[in-house]
Protein chains: 8
Amino acid sequence: MTKEKPIVGIVCGSVSDFPAIEETMKVLDMFGIGYSVDVKSAHRLPDDMRRYALEAEEKGYRVIIAVAGGAVDLSGMIAAYTILPVIGLPVKTSALSGLDSLYSMVQMPEGIPVAVVGIGRGKNAGLFAAEVLAVSDRKVRSKLLAYREELAAKTREDAKKNIGKMRASRKHPGLK
Amino acid sequence: MTKEKPIVGIVCGSVSDFPAIEETMKVLDMFGIGYSVDVKSAHRLPDDMRRYALEAEEKGYRVIIAVAGGAVDLSGMIAAYTILPVIGLPVKTSALSGLDSLYSMVQMPEGIPVAVVGIGRGKNAGLFAAEVLAVSDRKVRSKLLAYREELAAKTREDAKKNIGKMRASRKHPGLK
Amino acid sequence: MTKEKPIVGIVCGSVSDFPAIEETMKVLDMFGIGYSVDVKSAHRLPDDMRRYALEAEEKGYRVIIAVAGGAVDLSGMIAAYTILPVIGLPVKTSALSGLDSLYSMVQMPEGIPVAVVGIGRGKNAGLFAAEVLAVSDRKVRSKLLAYREELAAKTREDAKKNIGKMRASRKHPGLK
Amino acid sequence: MTKEKPIVGIVCGSVSDFPAIEETMKVLDMFGIGYSVDVKSAHRLPDDMRRYALEAEEKGYRVIIAVAGGAVDLSGMIAAYTILPVIGLPVKTSALSGLDSLYSMVQMPEGIPVAVVGIGRGKNAGLFAAEVLAVSDRKVRSKLLAYREELAAKTREDAKKNIGKMRASRKHPGLK
Amino acid sequence: MTKEKPIVGIVCGSVSDFPAIEETMKVLDMFGIGYSVDVKSAHRLPDDMRRYALEAEEKGYRVIIAVAGGAVDLSGMIAAYTILPVIGLPVKTSALSGLDSLYSMVQMPEGIPVAVVGIGRGKNAGLFAAEVLAVSDRKVRSKLLAYREELAAKTREDAKKNIGKMRASRKHPGLK
Amino acid sequence: MTKEKPIVGIVCGSVSDFPAIEETMKVLDMFGIGYSVDVKSAHRLPDDMRRYALEAEEKGYRVIIAVAGGAVDLSGMIAAYTILPVIGLPVKTSALSGLDSLYSMVQMPEGIPVAVVGIGRGKNAGLFAAEVLAVSDRKVRSKLLAYREELAAKTREDAKKNIGKMRASRKHPGLK
Amino acid sequence: MTKEKPIVGIVCGSVSDFPAIEETMKVLDMFGIGYSVDVKSAHRLPDDMRRYALEAEEKGYRVIIAVAGGAVDLSGMIAAYTILPVIGLPVKTSALSGLDSLYSMVQMPEGIPVAVVGIGRGKNAGLFAAEVLAVSDRKVRSKLLAYREELAAKTREDAKKNIGKMRASRKHPGLK
Amino acid sequence: MTKEKPIVGIVCGSVSDFPAIEETMKVLDMFGIGYSVDVKSAHRLPDDMRRYALEAEEKGYRVIIAVAGGAVDLSGMIAAYTILPVIGLPVKTSALSGLDSLYSMVQMPEGIPVAVVGIGRGKNAGLFAAEVLAVSDRKVRSKLLAYREELAAKTREDAKKNIGKMRASRKHPGLK
């Protein structure tokens, strides 16, 4: 059923944020979680953004991922108009290395929460959304458990392969 | 039912983090959400912390709030052992104004998400936990809506009172 | 005529920002410029804030001073809803020394400008508003010129008095 | 009439700042606002800079945009010699990512205001100048309103096109 | 004997940290100190990492070098499970220039020490490990003394050659 | 035997650094490790400092803890003159929150290592010194193991007591 | 002769900078170097400042110490009008810990040099001025040599006394 | 006479700092000031560096320019051994953008001054050295005055040419 309609709303401040959500979408695709993608610039389209946030619950969204770079309070303004959990994904900017994005998102005033993942951590934004859904959706929960196991296996395998290669190169006599 | 057993696990890195969760607890109290408080130092009690995270789901927790200051990766290590949503609450430290806490929490590697609220924003940690629960709990949802209305009303009232006072002081002839 | 109705709108994110505008108001009082003070929290009262910005021109405002601390995009959101010049006044916060306020205000996306004065520089926010009005109001212009002269005179006098005191203390034989 | 003579003075600290004002000029061109461009290095040509600021009003300028990178207090020194509104445009530097430019401009002492737009936000410098002029010029005001509408339309259209492309790529089964 | 089995454990958070330990391994190779290389992601493989740290002494390690980038508390978590000296080697990250890695490693809570070398200073991590071993191993001590002499000689020679080249270029008449 | 003569050399840049080593000394006292305390300002007493470092091994020191605040390269200069492991303990300064101390210590050039503990983490400097000694001293090793157990026990007990108090206050109905 | 007329010009941006020059004056008093103190705000009294810099050589100054806090380019503007060596003394500000002062002073554009001492390092500003004078004044040179010896002696004595006290307290059994 | 032997000592921490002094040398060449270039790594060649500083006066140096990147206290250690004015030239490093170099140089303890020019500002280091020499050398003084005039002329000419080009391009109808 989660495949039929979007339950995660991904909202970007600009189309230039799209590369940042590539991994977010892949994670949700992999978990079979339907989502929508919108661009609702807080500053250029404030009323579109407002409507988006006000109608979010009604449209069936259960979590929102708000993506923005620079001094853009998109996640905060979305959170101001909805009580859905809003996950902030700050995007690296050229001028201040993403610190402006991070600061603009994270220090929300008390009362209106936003929870922020790392700068450019699009995959984690998707995974956190899945974890929130998994609180009441056993299928997503199972997929998360499976994902973790694969991740561990892949990490182990990668390590093994790379250490093997290093050993094979015989460049390091001290390596036991 | 949410009153009967803890469904939010608040885990601190140290007892010195307790002032930081005062508001978190008040919010959960107000919403009738049961919670537990534990101190599981990632570095001093790594195995206690590990067990805490491994048993969290079984104990009935649906969300975890991990609280820490300094270079303490409590939220990240908890997240490493559970797929429950982990909300990071960074605490201000004396040496680096809390930036070390924020950085230590927020830049998690891809695969293991933590979502972070502002430095010292204990109330928002509680509210975000409530929002996550509200995804599948209509009672919490209603309380969140009511809370927002009260917050707005209180903010308006406070503003009115304070602007009234300013006007009454007659110190500012330009104030219309 | 500038005395009769407010032409500068001062809008704060919170009543706790009031100390930051004390000097702003004094400057406007001194110049005989009428102003209003409002609290329209971008996050707690988003629709009040929106209405404030949408109605600002109609109410006769010619300049807006938006005051906020932390990750509060009040100035940016006001600017999103009006083409009046919006002056951002960042307020020092305890967690990140006001840097979060400054960054949140200053790095606006292209298209929607906000111009920011220094952290806690309330007087300069008022003076800049006066300078904007003086572009088309010769009375304000004259007052600004007079203010500058007084400021110079006062600075000279203060310097003279303090250097005199230092000299009189006879603590510094090298001071000629 | 605004087409006939420059009413905005753009003054740079160095010819190397010219790329930073390309967008500033385009905005003013588009709005039919006449402007001049000068290079008056605060440190290399202090007396040229002084004369520029002292004669600015007489030449008919109503707003000044001061552009500089590094520890160059061009905007502040211009502001010291005129009561015209001075908009500071900090330029990114290689050594300290523009933070030195931003700090050097923004923390002006009380009494002599400068209002600063984002690092490298040349378009916003031009737009803010237009907003200041629009306070007393209805033509500029109309153009600003039209610009905002176009900006919104273009943002919406861009979003639509890009989301359409993403959908057409069929790479994301979860995208509804 | 030190050639026969690993006495330094190098543990990375990810295979992407391998370039950072190239110099570390070369130093240990040069000194004839045996070492192992492992990847034990604190977050992706928390139990592998735990076992690694718990078994480290038993395996014969005397020093551990923990290598990580971003908000990865690998060194701290290893230190939590062993009393072997843990040397933290922070790796430069793209988002926050390695400051997040440095902060995440260095501000350990009192009781569980980690000692950190510079961001990306892999050679120094290896040398510090050698210095720790030299406290009780005279062969390593002799090699360290010899290394220092070579380093000084090489630095002197390099300087001489480069200054000679500069002089030979005759580009600088003032150079005596 | 470790009680009879100093084997850890604590060297401060200034007597004002003494409060920072109070915990360092307590740890070494507790472990029965003899140590000396000296003040050898790198800048005010460069030759005293040099002699200190050159004679350190001969005097029987096995580890050096160098303590300094501000732009004082004491640890680096000591390391330049000895191959003993040098542990840097940066001290918080008023001007730049200790960041200058940390940066001045940690980014040593390749070839001459210093390993740095957290700003103001005097206890960890002592513990790390003990861990280095424990590599070849089983008594210190046993004491470190015992210390860890006590630390864990004390942390658990403190937590229990404080959570008990919180529960007893009956202020938090949600606390289960 | 150096006693008869001022040869060092100390120029502050504000009377509030006076505490910062207390130590500067003491050093110059001690060395018998005559100096003047002036307040020439770059922004409030730009023409007084300009005249000060233009007449500095003529008045007999050989070195200038420019003192300022915040985004005040006093040292740079003085340097723009004179070829006397200008020593910048940045003063700690409340908003940005003096970093704004330091950045505003230090990153001067190529061609117009300012050399900066540490934030709040008033004594060093005086000493550096003395060193510049000592290049051609043997009396000042002798006094500098004597000062260094006293400084070393005093540092040694202080260290001895304080270590003695520590030893006498018998609180630290490990202290040998 | 200044042509005959070196009176400025340029000392680098590493041959990799040579590009940073290219402009320094050109300025001194242009002014006919003799100088030497040496590499005396504070950490790799501490005794060479010490001898360099101790013999500097005797060799006829009147000013020293110390150049270093990273946490290298070369300028401070040179200053510890001589009363000649030491000008610090911090070099940009890859890890921390030169901030570590700047901080390591600038926050010297009271008593031993170093005066620092901007990160990578090699030309200004040379010019400041010339200004120090000009205090007692009228030839250098004349050349400095001539240099300033040329700099101003060149800046004016460059500006004229570039503004001319911009105008000629006819891309900007608003440019008057």
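A short tour of the structure in this document, coming up. As the structure is a prediction and not an experimental result, all values here were calculated from the model. (Residues numbered from 1 in each chain as written. Chains lettered and ligands numbered in written order. Predicted model: local features only at pLDDT ≥ 70, side-chain atom pairs only at ≥ 80, totals over all residues. Heavy atoms only, no water.)

**Details of the overall build of chain A**
When its secondary structure is counted, chain A shows six helices and five strands. From first element to last, N terminus to C terminus, chain A shows the α and β order β-α-β-α-β-α-β-α-β-α-α. By its C-alpha atoms, chain A is 65 × 45 × 30 Å across when sized along the principal axes. Burial analysis of chain A (176 residues in total) assigns 69% to the buried set. Considering only contacts in chain A between residues 6 or more positions apart, those separated by 24 or more positions represent 66%. For chain A, the computed accessible surface area is about 6,000 Å², with 51% contributed by carbon and sulfur atoms. Once the 26 positive and 20 negative side-chain charges of chain A are each reduced to a mean point, those two points are 12 Å apart. (Helix = DSSP H or I, 4+ residues; strand = E, 2+ residues; numbered from the N terminus. Buried < 20%, exposed > 50% of the residue type's maximum accessible area, 1.4 Å probe, protein only. Contact = heavy atoms within 4.5 Å. Areas by Shrake-Rupley, 256 points an atom, 1.4 Å probe, with all protein chains shown as cover. Lys, Arg positive; Asp, Glu negative; His and termini not counted. Charge placed at Lys NZ, Arg CZ, Asp CG, Glu CD.)

**Overview of the relation of the copies chain A and chain B**
Screw-axis analysis of chain A against chain B gives a translation of 0.0 Å along the axis, an RMSD of 0.0 Å, and a rotation angle of 180°. Here the symmetry operator amounts to a two-fold rotation axis. When you check the interface residues of chain A against chain B, 100% turn up at the interface there too, and the contact is symmetric in its surfaces. (Least-squares fit on C-alpha atoms with pLDDT ≥ 70 in both.)

**Some points on the interface of chain C and chain D**
Taken together, the contact between chain C and chain D spans 44 residues of the former and 44 residues of the latter. On the chain C side of the contact with chain D, Ile83(C), Glu110(C) and Arg148(C) bury the most area, a combined 19% of that side's loss. The interface formed by chain C and chain D holds two salt bridges in total. Here Arg141(C) and Glu57(D) are joined by a salt bridge, their closest N and O atoms 2.5 Å apart. The interface formed by chain C and chain D holds 24 residue pairs in polar contact (both at pLDDT 80 or more) in total. Secondary-structure elements contributing two or more residues to the side of chain C that touches chain D are helix H3 (74–80), helix H4 (99–106), strand S5 (115–116), helix H5 (122–134) and helix H6 (138–168) of chain C. Here the element with the most residues in the side of chain C that touches chain D is H5(C); it accounts for seven residues. (Buried area = accessible area lost by both parts, 1.4 Å probe. Salt bridge = Lys/Arg side-chain N within 4 Å of Asp/Glu carboxyl O. Polar contact = N/O pair within 3.5 Å; in protein donor to acceptor, adjacent residues only side chain to side chain.)

**Topic: the interface of chain A and chain B**
Frequently, the measure chosen for interface size is the accessible area removed from exposure when the parts meet. Of the residues lining the interface, 44 residues belong to chain A; the matching set on chain B comes to 44 residues. In total, chain A and chain B occlude about 3,800 Å² of area from one another, counting both sides; carbon and sulfur atoms represent 58% of this. Here chain A and chain B share two salt bridges between them. Applying the counting rule to chain A against chain B returns 25 residue pairs in polar contact (both at pLDDT 80 or more). Of all the secondary structure elements, the ones that give two or more residues to the side of chain A that touches chain B are helix H3 (74–80), helix H4 (99–106), strand S5 (115–116), helix H5 (122–134) and helix H6 (138–168) of chain A. Residue composition of the side of chain A that touches chain B, grouped by class: 28 nonpolar, eight polar and eight charged. (Nonpolar A, V, L, I, M, F, W, Y, C, P; charged D, E, K, R; others polar.)

**Some points on the pairing of strand S1 (residues 8–12) of chain F**
When a strand is regular, its side chains alternate between the sheet's two faces. All names here are of chain F. With respect to burial, S1 is a largely interior element, five of its five residues being buried. Residue alternation in S1 divides its side chains into two sets, Val-8, Ile-10 and Cys-12 and Gly-9 and Val-11, and both sets are buried. Sheet topology note: the S1/strand S2 (residues 35–39) ladder contains five bridges and is parallel. Bridging from a neighbouring strand, Cys-12 pairs with Val-39 of S2. As for the winding sense of the linkage, the β-α-β connection from S1 through helix H1 (residues 18–30) to S2 is right-handed. Sheet topology note: the S1/strand S3 (residues 63–69) ladder contains five bridges and is parallel. Looking at the pairing, Ile-10 lines up with Ile-65 of S3. (Pairing = 2+ DSSP bridges. Right-handed = clockwise from strand over helix to strand, strands pointing away.)

**Topic: unusual backbone geometry**
Unlike most non-glycine residues, Arg170(G) shows phi in positive territory, near 55°. With respect to the helices and strands, Arg170(G) occurs in the segment after helix H6 (138–168).

**Remarks on the arrangement of the chains**
At the level of C-alpha atoms, the two units chain A and chain H stay apart, their nearest approach being 12 Å. At the level of C-alpha atoms, the two units chain C and chain H stay apart, their nearest approach being 18 Å.

**Some remarks on the environment of Leu99(H)**
In this structure, Leu99(H) sits in helix H4 (residues 99–106). Accessibility expressed as a relative area gives 17% for Leu99(H), which makes it buried.

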